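Residues per chain, in single letters:
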Amino acid sequence: MNDYYQTILFSSIGLVTTVFLIIFFIKKQRNHKDFWIAIIGFSIFGLLCFSLVMGYLLDLPKLLKGDLKTESGICEIVDLGSGGRFGTDNGLQIIVNNVTVSASRDDFEWLEEGKEKCTIKYLNTTEQLLEIEID
């Protein structure tokens, strides 16, 4: 759950910083040789931050009200394993009735890979798992 708020915070900081950098380049650095490369690069990063912020902000009222989507059935739990250069933990993926949600390995470390009957509660827009009950 802590990851949810951290994503909102850091994406918002990235978005605000990107907007200020784009404004700075447009006002002050128009004649710079890499002007268009900087504008295009910052714009792509800004769009990424914007999409992250909006996705998570759309789910925030539902999270605060406790209005979560629920699915029941056979859960296929997939451990995405550790990967990357620094051995970061990628987390879990849970598939129920053609609905795929993701979860942090730290929040659900007791879950084991496999298929079991379960009920999940998740956020619709970001498809983040909040609760799982193994039946």
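Being a predicted model, the structure only gives us computed values, none of them experimental.

Visitor: Sorry, what's going on with the pattern of salt bridges here?
Guide: Any two side chains of opposite charge can pair, so long as their charged atoms come close to each other. The tally for this structure, following the rule as stated, stands at two salt bridges. Taking the shortest distance from any N to any O, the salt bridge between Asp79 and Arg105 comes out at 3.4 Å. In this pair, Asp79 sits in strand S1 (residues 69-79) while Arg105 sits in the loop between strand S5 (99-103) and strand S6 (114-122), placing the two residues 26 residues apart along the sequence. For Asp79, a relative accessible area of 27% corresponds to the partly exposed category. Arg105 gets classed as buried once you look at its relative accessible area, which sits at 17%. Residues Glu131 and Lys121 are paired through a salt bridge, measuring 4.0 Å at the closest nitrogen-oxygen approach. Taken together, the residues span a long stretch of sequence, with Glu131 in strand S7 (residues 129-134) and Lys121 in strand S6 at a distance of ten residues.

Visitor: Help me out: how do you make sense of the sheet that holds S1 in this one?
Guide: As a general point, the strands of a sheet are linked pairwise by backbone hydrogen bonds and lie either parallel or antiparallel. The antiparallel open sheet is built from five strands, whose spatial order is S5-S4-S1-S6-S7. Only two strands of the sheet have a single partner each, and these edge strands are S5 and S7. Averaged over all pairs of adjacent strands, the angle between strand axes in this sheet comes to 40°, irrespective of strand direction. Where strand S4 (residues 92-96) meets S5, five bridges bridge the pair, whose relative direction is antiparallel. Its bridge partner lying in S5, Ile94 is registered against Val101.

Visitor: Teacher, can you tell me more about the packing of aromatic side chains here?
Guide: The relative placement of two aromatic rings is captured by the distance of their centres and the angle of their planes. Tallied over the entire structure, the rule returns three aromatic pairs. Arranged with centres 5.9 Å apart and planes meeting at 90°, the rings of Phe24 and Phe25 form a pair that is edge-to-face. Judged by relative accessible area, which is 39%, Phe24 ranks as partly exposed. A relative accessible area of 16% places Phe25 in the buried class. For the pair Phe35 and Trp36, a centre-to-centre distance of 5.0 Å together with 75° between the ring planes defines the contact as edge-to-face.

Visitor: Is there a simple way to think about the state of the cysteines in this case?
Guide: Linking two cysteines covalently via their sulfur atoms produces the bond known as a disulfide. If you walk through the whole model with that rule in mind, you get one disulfide. Cys75 shares a disulfide with Cys118; S-S distance 1.4 Å. What sets the handedness of the Cys75 and Cys118 disulfide is the S-S torsion sign, and at about -50° it is left-handed. Taken together, the residues Cys75 in strand S1 and Cys118 in strand S6 connect sequence positions 43 residues apart. Each member of the pair, Cys75 as well as Cys118, carries the same accessibility label: buried.

Visitor: What am I meant to see in the side chain of Arg105 here?
Guide: Within the local environment of Arg105, its side chain forms a polar contact with the side chain of Asp79, the two groups lying 3.4 Å apart. Of note is the side chain of Arg105, whose polar atom sits 3.1 Å from the backbone oxygen of Leu111.

What counts and what doesn't
- Residues numbered from 1 in each chain as written.
- Predicted model: local features only at pLDDT ≥ 70, side-chain atom pairs only at ≥ 80, totals over all residues.
- Heavy atoms only, no water.
- Salt bridge = Lys/Arg side-chain N within 4 Å of Asp/Glu carboxyl O.
- Helix = DSSP H or I, 4+ residues; strand = E, 2+ residues; numbered from the N terminus.
- Buried < 20%, exposed > 50% of the residue type's maximum accessible area, 1.4 Å probe, protein only.
- Pairing = 2+ DSSP bridges.
- Axes fitted to C-alpha atoms, helices over the stretch in contact; angles between N-to-C directions.
- Phe/Tyr/Trp six-rings, centres within 6.5 Å; stacked < 30°, edge-to-face > 60°.
- Disulfide = S-S within 2.5 Å.
- Polar contact = N/O pair within 3.5 Å; in protein donor to acceptor, adjacent residues only side chain to side chain.

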